[in-house]
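# Observations on the three-dimensional arrangement
Take a look at the letters that make up each chain.
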Amino acid sequence: MEHKVIVYQNTKISYPTKVNIFRPSFQYPEYPFKNDISKEQNNVYDMVRKSFHMSCMDKLHYGTNQWNPLGDIIKPGNKVVVKPNLVMDFNPSGDGTDCLYTHPSVVAAIVDYIFIALQGRGQIIIGDAPMQECNFIKLIKQSGYDELINYYKEKTIGTKLLIELKDFRGYTSVIKKGVHHGDENIETSKGILVDLGKESEFFKYTEAKLKRLRINSYNPEILLKHHNIEKHEYLINEDVLNADVIINVPKPKMHRKAGVTIALKNLVGINVRKEYLPHHCNGDANSGGDEYNQVNIFKHIKSCIQDKINIEASNKNYKKAYFLVLMRKMITTFIRLSKDQSWDGSWYGNETISKTIIDLNKILLYCDKRGEIHSSPQRKIFTIADMIISGENEGPVEPTEKKAGLIAMGNSSVCFDEVITTLMGINIDKIPTLKQARNSQGKFKLIEDEQAIIISNNIKWNNKYVKDLEKEDVLHFVPAVGWKGKIEL
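Predicted model only: the values in this text are computed from it and were never measured.

### What about the overall build of the chain?
Tallying secondary structure elements over the chain gives 12 helices and 18 strands in all. A compact globule built from 489 residues should have a C-alpha radius of gyration of about 23 Å, and the chain, at 22 Å, falls within 12% of that. Seen through its C-alpha atoms, the chain measures out along the principal axes to roughly 65 × 50 × 45 Å. Buried positions account for 62% of the 489 residues belonging to the chain.

Right, dumping it as structure tokens:
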């Protein structure tokens, strides 16, 4: 089977401001909100629309008021979850948030076409589970997501269409003196427990190796309750599992732990509690870990201290945690003098986080509304990526801007990631998530032998497969430091 990945490029545009709530600047025949037209030029909306057109979705009705490009995916009465990447509310790199999270102008154009497909009946949930310390209220206010959702709520008054913006997290925190102070009082996010068991990518791990699974800033004792010799559990947002259709809207970036974050990695945000998500395996590569590359006593000590900090913080023993943070700072000074720039799983040898990513994609594809796994797909998944401005270097939370000028879309997450990874200038054979996606454990496969052809307005990419792309054709993203020099084409 052959898939298509649509890649529309316009490097001369920028995001519109939230003036006029990201409305189009032209009265398109199919546009559902007549007369709500922006005086500001909105090229992003036009790029999303042109991408739908290039995909030949509802080709027969293009140019008329009957054009419904998402009509084959979304039916009236469906529940649709739009999953942007809302990772964090600020960027420590100083490059701003345009390269950090999915821009609401892209989501606005997508939601308009979901409105068309639902024909006044159904439900739209826009949601994500950002990092635990993300200030969600600040993020949606500064970006314009809050005003956008209010616009749609006004448009649905008196209809059978419901739209909501949700924080999928079941746990948040604020950082004080380097320690996470947690809060579990999030009422909007309910999770459904899913045990993949022998279908998990971790199923063949020994008991000893399972005990080494970790995620930074979370209590390892909680993680090991859900990943052990008996089970491999994830807590998936209820709205996500209840959805008929998922529109995945990633912000492709370089990633410290996974190499890249695109469609597959964006599904980390469907999990309510991140303590269920293994990110690395303690120790050096020679001893069976993937936390760092070479044996290093300072890294080992730092890892032990980090475990104690996470346990004490989880148990609200903050004074002990503060003292341990001071010890960690001293040890980190010695680590930074090392030539080996791998720690905390942030390097090219991390094989753990990719297994978590594959598990989550299996769940989204094959688990029903009760969290029970089936042999056939349970919902439709379609990806539309915001690459007007992407992120390179130390993503996902500290990226620098990469002006790619792209909107991309496709219906196979694996094929999509292979195409976009290659266009970023990265070798797909060097990304653990993509290797494992093609060779996953168990009987629930994400893909068989399918490949994707690129359909693009850029003649260097159009009608080519990944294997046909030349080094001079790509965008040359700069990887995070732990991956630099190891994964580029």
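### Quick look at unusual backbone geometry
Of the consecutive residues Gly395 and Pro396, the connecting peptide bond is found in the cis state with omega at 10 degrees. By secondary structure assignment, the location of Pro396 is in the loop between strand E15 (390-394) and strand E16 (398-402). Phi at Lys177 is positive, roughly 55 degrees, even though this residue is not glycine. The topology assignment puts Lys177 in the loop between strand E5 (172-176) and strand E6 (179-183). Judged by its relative accessible area of 64%, Lys177 is exposed.

### Points about the pairing of strand E17 (residues 406-410)
Counting buried positions along E17 gives five out of five residues, so the element sits mostly inside the fold. Burial along E17 is two-sided: the face carrying Leu406, Ala408 and Gly410 and the face carrying Ile407 and Met409 are both buried. For strand E1 (residues 2-9) and E17, the ladder comprises five bridges, and the chain directions are antiparallel. The residue bridging Gln9 from the neighbouring strand is Leu406, located in E17. Sheet topology note: the strand E14 (residues 380-387)/E17 ladder contains five bridges and is antiparallel. Bridged to Asp386 within E17 is Ile407.

### Some thoughts on the sheet that holds E17
One key point about sheets: their strands pair by backbone hydrogen bonds, in either a parallel or an antiparallel sense. Spatially, E4-E3-E2-E10-E14-E17-E1-E18 is the arrangement adopted by the eight strands of the open sheet, whose pairing is mixed. Strands with a single pairing partner mark the edges of an open sheet, and in this sheet they are strand E4 (160-167) and strand E18 (451-456). Strand-to-strand, the axes of this sheet are offset by a mean angle of 15 degrees, without reference to chain direction. Taken strand by strand, helix H2 (residues 104-118) contacts strand E2 (79-84), strand E3 (121-128), E4, strand E10 (245-249), E14 and E17, and its axis lies near 160 degrees from that of E3. Relative to the sheet, helix H4 (residues 145-155) contacts E2, E3 and E4, its axis offset from that of E4 by approximately 165 degrees.

### Observations regarding a nonpolar patch on the surface
A cluster of nonpolar side chains, namely Ile297, Phe298, Ile301, Phe334 and Leu337, defines an oily patch on the protein surface of about 490 Å² accessible area. The biggest single contributor to the nonpolar patch is helix H8 (residues 297-314), with three residues. Its place among the elements puts Ile301 in helix H8. For Ile301, a relative accessible area of 31% corresponds to the partly exposed category.

### Here's the deal with the pattern of salt bridges
Overall, the coordinates contain 23 salt bridges when judged by the stated rule. The shortest N-O distance in the salt bridge between Asp167 and Arg169 comes to 2.7 Å. Accessibility classification places Asp167 together with Arg169 in one group, the buried group. Within this structure, Lys79, Lys166 and Asp239 form a network of salt bridges that share partners.

### Thoughts on the environment of Glu147
Position of Glu147 relative to the elements: it lies in helix H4. Glu147 sits 127 residues away from Asn20 along the chain, and the two C-alpha atoms are 9.6 Å apart. Not counting residues up to four positions away in its chain, the partners in contact with Glu147 are Lys18 and Ile21.

### Here we look at the packing of H2 against H4
Following both chains from N to C, one finds H2 and H4 inclined at 15 degrees, their axes separated by 10 Å at the closest point. Comparing the axis directions of H2 and H4 gives the class roughly parallel. In this structure, H2 crosses over H4, and the sense of that crossing is right-handed. Along the contact surface, H2 presents Pro104, Val107, Ala108, Val111, Asp112 and Phe115, while H4 presents Tyr145, Leu148 and Tyr152.

### So, helix H1 (residues 43-54)
In an α-helix, one turn spans 3.6 residues, which is why side chains three or four residues apart end up on the same side. In this model H1 runs 16 Å from its N-terminal to its C-terminal C-alpha over 12 residues, within 8% of the 16 Å that 1.5 Å per residue would give. Of all 12 residues in H1, nine are buried, a share of seventy percent or more. At the N-terminal end of H1, a side-chain oxygen is found 3.3 Å from the backbone nitrogen of Val44, two or three residues along, and the residue is Asn42. Note on H1: the residue one or two positions beyond its end, Cys56, has a positive phi of about 65 degrees.

### Focus on the side chain of Lys402
You can see Lys402 is positioned in strand E16. An unpaired buried charge is present at Lys402: no salt bridge exists, and Glu392, the closest side chain of opposite charge, is 4.2 Å distant. A polar atom in the side chain of Lys402 sits 2.8 Å from the backbone oxygen of Leu475. Apart from the residues within four sequence positions on either side, Lys402 is in contact with Ile388, Ile389, Ser390, Glu392, Leu475, His476 and Phe477.

### Topic: the nonpolar core
Within the largest apolar cluster, 73 residues are counted, with the highest numbers of intra-cluster contacts made by Val7, Ile236, Val419 and Ile420. No other element matches the eight residues that helix H10 (residues 352-366) contributes to this core. If sequence neighbours within four positions are ignored, Ile236 has contacts with Lys190, Gly191, Ile192, Val194, Leu241, Ile270, Asn271, Val272, Leu360 and Ile363. Ranked by size, the runner-up nonpolar core spans 65 residues in total, among them Ala117, Ile149, Leu161 and Ile163.

### Some words on the packing of aromatic side chains
Using the criterion set out here, one finds 17 aromatic pairs in the structure. Ring geometry for Phe33 versus Phe115: centroids 5.2 Å apart, planes at 75 degrees, classification edge-to-face. On the criterion of sequence distance, the pair formed by Phe33 in the loop between E1 and H1 and Phe115 in helix H2 is long-range, its members being 82 residues apart. Comparing Phe33 with Phe115, the two get one shared label, buried. Taken together, a centroid distance of 6.3 Å and an interplanar angle of 45 degrees make the contact between Tyr45 and Tyr113 tilted. Separated by 68 residues along the polypeptide, Tyr45 in helix H1 and Tyr113 in helix H2 bring together distant segments of the chain. Connected via pairs of aromatic rings, a cluster forms that spans Phe26, Tyr28, Tyr31, Phe33, Tyr45, Phe52, Tyr62, Trp67, Tyr113, Phe115, Tyr151 and Tyr152. Taking NZ or CZ as reference, Lys177 lies 4.9 Å from the ring centre of Tyr322, over its face.

What counts, and where the lines are drawn
Residues numbered from 1 in each chain as written. Predicted model: local features only at pLDDT ≥ 70, side-chain atom pairs only at ≥ 80, totals over all residues. Heavy atoms only, no water. Helix = DSSP H or I, 4+ residues; strand = E, 2+ residues; numbered from the N terminus. Rg over C-alpha atoms; globule rule 2.2 N^0.38 Å. Buried < 20%, exposed > 50% of the residue type's maximum accessible area, 1.4 Å probe, protein only. Pairing = 2+ DSSP bridges. Axes fitted to C-alpha atoms, helices over the stretch in contact; angles between N-to-C directions. Contact = heavy atoms within 4.5 Å. Patch = residues over 30% accessible without salt bridge, like charges linked within 9 Å, V, L, I, M, F, W, Y side chains within 5 Å. Areas by Shrake-Rupley, 256 points an atom, 1.4 Å probe, with all protein chains shown as cover. Salt bridge = Lys/Arg side-chain N within 4 Å of Asp/Glu carboxyl O. Parallel < 35°, antiparallel > 145°, perpendicular 65-115°, else oblique. Left-handed = near helix turned anticlockwise from the far one by under 90°. Expected span 1.5 Å × (residues − 1). Polar contact = N/O pair within 3.5 Å; in protein donor to acceptor, adjacent residues only side chain to side chain. Lys, Arg positive; Asp, Glu negative; His and termini not counted. Core = buried A, V, L, I, M, F, W, Y, C linked by side-chain atoms within 4.5 Å. Phe/Tyr/Trp six-rings, centres within 6.5 Å; stacked < 30°, edge-to-face > 60°. Lys NZ or Arg CZ within 6 Å of the ring centre and 35° of its normal.

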